Every structure is written in structure tokens, then in C-alpha cells.
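Here's the letter readout for the chains.
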Amino acid sequence: VPPVSMEQLTRMSRSTTSCPEVVVSNFSSPGLQVFLTVNSKARVFWDGTVEKRKLELNWVTPPDRQDDDYVGLFRDDPQWYGQSEPLLRVPASYPGQYYLSTIEFPDITILHPALLPTPPRTMCLYNYWIAYVRAGNVLAVNCMKTQPVWMWEMKEHIGSIPLHALMIPGTHNSGAYDKFTAYSDDTVLMRYSVNQGEDVWTQLLFGIRYLDLRVSYYNDTPEKFWLVHDFVKQN
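Residues numbered from 1 in each chain as written. Predicted model: local features only at pLDDT ≥ 70, side-chain atom pairs only at ≥ 80, totals over all residues. Heavy atoms only, no water.

Caption draft 1: Focus on the sheet that holds strand E7 (residues 98-104). Across the sheet, which stays open at both edges, the three strands sit in the order E1-E4-E7 with antiparallel pairing between neighbours. Sheet topology places strand E1 (33-38) and E7 at the edges, where each strand pairs with a single neighbour. The mean inter-strand angle of the sheet, taken between neighbouring strand axes irrespective of direction, is 25°. In this sheet, E7 lies alongside strand E4 (residues 54-60) in antiparallel orientation, the contact comprising four bridges. Residue lysine 54 lies in a different strand from E7, and its bridge partner there is glutamate 104. (Pairing = 2+ DSSP bridges. Helix = DSSP H or I, 4+ residues; strand = E, 2+ residues; numbered from the N terminus. Axes fitted to C-alpha atoms, helices over the stretch in contact; angles between N-to-C directions.)

Caption draft 2: Local environment of the nonpolar core. Counting residues in each nonpolar core, the largest one holds 24 residues, and the members touching the most others are Leu57, Trp59, Leu73 and Tyr132. Here tryptophan 59 is in contact with Gln33, Val34, Val71, Val90, Pro91, Ala92, Tyr94, Gln97, Tyr98, Tyr99 and Tyr132, once residues within four sequence places are set aside. (Core = buried A, V, L, I, M, F, W, Y, C linked by side-chain atoms within 4.5 Å. Buried < 20%, exposed > 50% of the residue type's maximum accessible area, 1.4 Å probe, protein only. Contact = heavy atoms within 4.5 Å.)

Caption draft 3: Seen up close, the pairing of strand E5 (residues 70-74). When you tally the buried positions in E5, you get five out of five residues, the bulk of the element. Of the two faces of E5, the one lined by Tyr70, Gly72 and Phe74 and the one lined by Val71 and Leu73 are each fully buried. Taken together, the four bridges between E5 and strand E6 (residues 88-91) define a ladder with antiparallel strand orientation. Paired with valine 71 across the two strands is valine 90, which belongs to E6.

Caption draft 4: Broad picture of the side chain of histidine 229. Residue position: histidine 229 is located in strand E13 (residues 225-229). At a separation of 2.7 Å, a polar atom in the side chain of histidine 229 contacts the main-chain carbonyl oxygen of serine 193. Of the polar contacts made by the side chain of histidine 229, one reaches the side chain of asparagine 195; its length is 3.2 Å. Sequence-distant contacts of histidine 229, that is, excluding residues within four places in its chain, are made with Asn173, Ala176, Tyr192, Ser193, Val194, Asn195 and Gln234. (Polar contact = N/O pair within 3.5 Å; in protein donor to acceptor, adjacent residues only side chain to side chain.)

Caption draft 5: Region of the structure containing unusual backbone geometry. Residue threonine 118 is joined to proline 119 through a cis peptide bond whose omega torsion reads -5°. In this fold, proline 119 is placed in the loop between E7 and strand E8 (124-134). A positive phi angle, near 50°, is found at arginine 53, a position not held by glycine. Tracing the sequence through the fold places arginine 53 in the loop between strand E3 (50-51) and E4. Given a relative accessible area of 11%, arginine 53 falls into the buried group. With a phi close to 50°, alanine 135 is a non-glycine residue in the positive phi region. In this structure, alanine 135 sits in the loop between E8 and strand E9 (137-145).

Caption draft 6: The state of the cysteines, seen in detail. Across all of its chains, the model carries one disulfide by this definition. Two residues share a disulfide in this structure: cysteine 124 and cysteine 143, whose sulfurs sit 2.0 Å from each other. On the sign convention where negative means left-handed, the S-S torsion of about -70° between cysteine 124 and cysteine 143 marks this disulfide as left-handed. Of this pair, cysteine 124 sits in strand E8 while cysteine 143 sits in strand E9, and the two are 19 residues apart along the sequence. On the basis of relative accessibility, which here comes to 7%, the residue cysteine 143 falls in the buried class. (Disulfide = S-S within 2.5 Å.)

Caption draft 7: Quick peek at the packing of aromatic side chains. With the rule as written, the count across this model stands at four aromatic pairs. Seen in terms of ring centroids, tyrosine 94 and tyrosine 99 are 5.4 Å apart; in terms of plane orientation they differ by 80°. Their pairing is edge-to-face. Accessibility expressed as a relative area gives 34% for tyrosine 94, which makes it partly exposed. Given a relative accessible area of 27%, tyrosine 99 falls into the partly exposed group. Ring centres 5.2 Å apart and planes at 65° place the aromatic pair tyrosine 217 and phenylalanine 225 in the edge-to-face group. Residue classification places tyrosine 217 among the partly exposed positions, given a relative accessible area of 47%. Taking relative accessible area as the criterion, phenylalanine 225 reaches 60% and is therefore assigned exposed. Sitting over the ring of tyrosine 70, arginine 89 keeps its end group 4.3 Å from the ring centre. Here lysine 233 stacks its cationic end above the ring of tryptophan 226, 5.8 Å away from the centre of that ring. (Phe/Tyr/Trp six-rings, centres within 6.5 Å; stacked < 30°, edge-to-face > 60°. Lys NZ or Arg CZ within 6 Å of the ring centre and 35° of its normal.)

If you want it as C-alpha cells, here you go:
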């Protein structure tokens, strides 16, 4: 049996993902977390109004949750702007620790490479913030933000973990992206062929690191290579 080096032993011991405690500013209790997500559902009503990109409030309550604790959605960082009134507040005891709001997150138009710092950095988008509040004090806060360098920031924790052991966020049919903007977009083809609301560049800025790209070659179009969803040419 050949000898095993210390480097090989280290790699063997790091064969599973070990995540450090997540740190959100102003933790008061272990486990307290808040974060925003965007609902994927989109539809058009008979009057032509569009419902899409609704903001979702998500939180993990602390062990010492109190009856008056609430989770709020803000338009500014509630830590910097004092007692700013939230757009909405949800009791921290709300079932599922999840709340789907009626507030629409804007289509993203500001993330062109030429408009971003080099290298890209984490940034909050459109000033939407979530906070866990107790007796007027913000215990945890987060924003809707990009995560372009999260793997580099975690290199001390994940740098020695084999690729197969990492949990890597990815997107399904990454190249099947389009914007849902009007009644004309609400078709069967759109519903069943488009999977993403953001292009690949924006997906990467949000922290996606596994891309499911499906490529086909077409003789009858000026552009020969297409990202596709099955037989439907997308981009």
C-alpha cells in the first residue's frame, strides 16, 4: 500500500460539505436569518394587468421569539434610516416563516458589464430590504442583492472541498430566458418553454455557478448555434 500524504488525508477528510455558521449583521440569537426572494409565477388578467416577480419574505425565527416580533419589508436599510416605516410587516409567528407579498420587484436593467465595477462586487438592488424587528430594534437585516464573488469570499471554507461534495446553486434550462412584459407573452409556448427571467450574465451575478445550457445547430438561420429548450430556439 503506497504511503498517504498529509495533503491527501486533508482532502479525504473534506469529502463532504461543511458550512460555517451564516453571518447576518446584528445577530441576537443563533439561527436568526432573513432573506428576500422573487416569486417565479407570472400571469395576465383579462383587463391586461400583469402579475409577476412578487417579492417573498423568508425568515428563520430565533429560539427566543417574542409575540411582538415582526418581519418587515423596507425601501431603505432600516439600520441606517432609523425607524423608517416598512412597506409591510408580518408577525414573526406567521406559519411557514414565509410570506408572499403583492409588491413587484422591478425587471433588472442595471447590471450591464460596462456599468459594474471590475471585478463585480456584492450590491443591493432597488433598495428592497428585509429586517427582523423586536421592540423597534433591528435584530437581523438583509437586502435583495447580487452575489458575484461568494465562492471567493468563502475560499477558506470551501477551497479544499472536492467539487462533487459542494452544494452549488444552479438554474434549470439556463439559456431559456425571456422577459414577461405583456398580454402577448402569456402563451402556452412561453409558459412551457421559458424557464428563466434573467439572462446568463445576470444569473452569474446572482451567484449561480451551475449552468444547464442546451445547444443546437441550425442550418437555416443566420446564427447557427442556439440555446434551446428541446425543439424551441431561445437565444
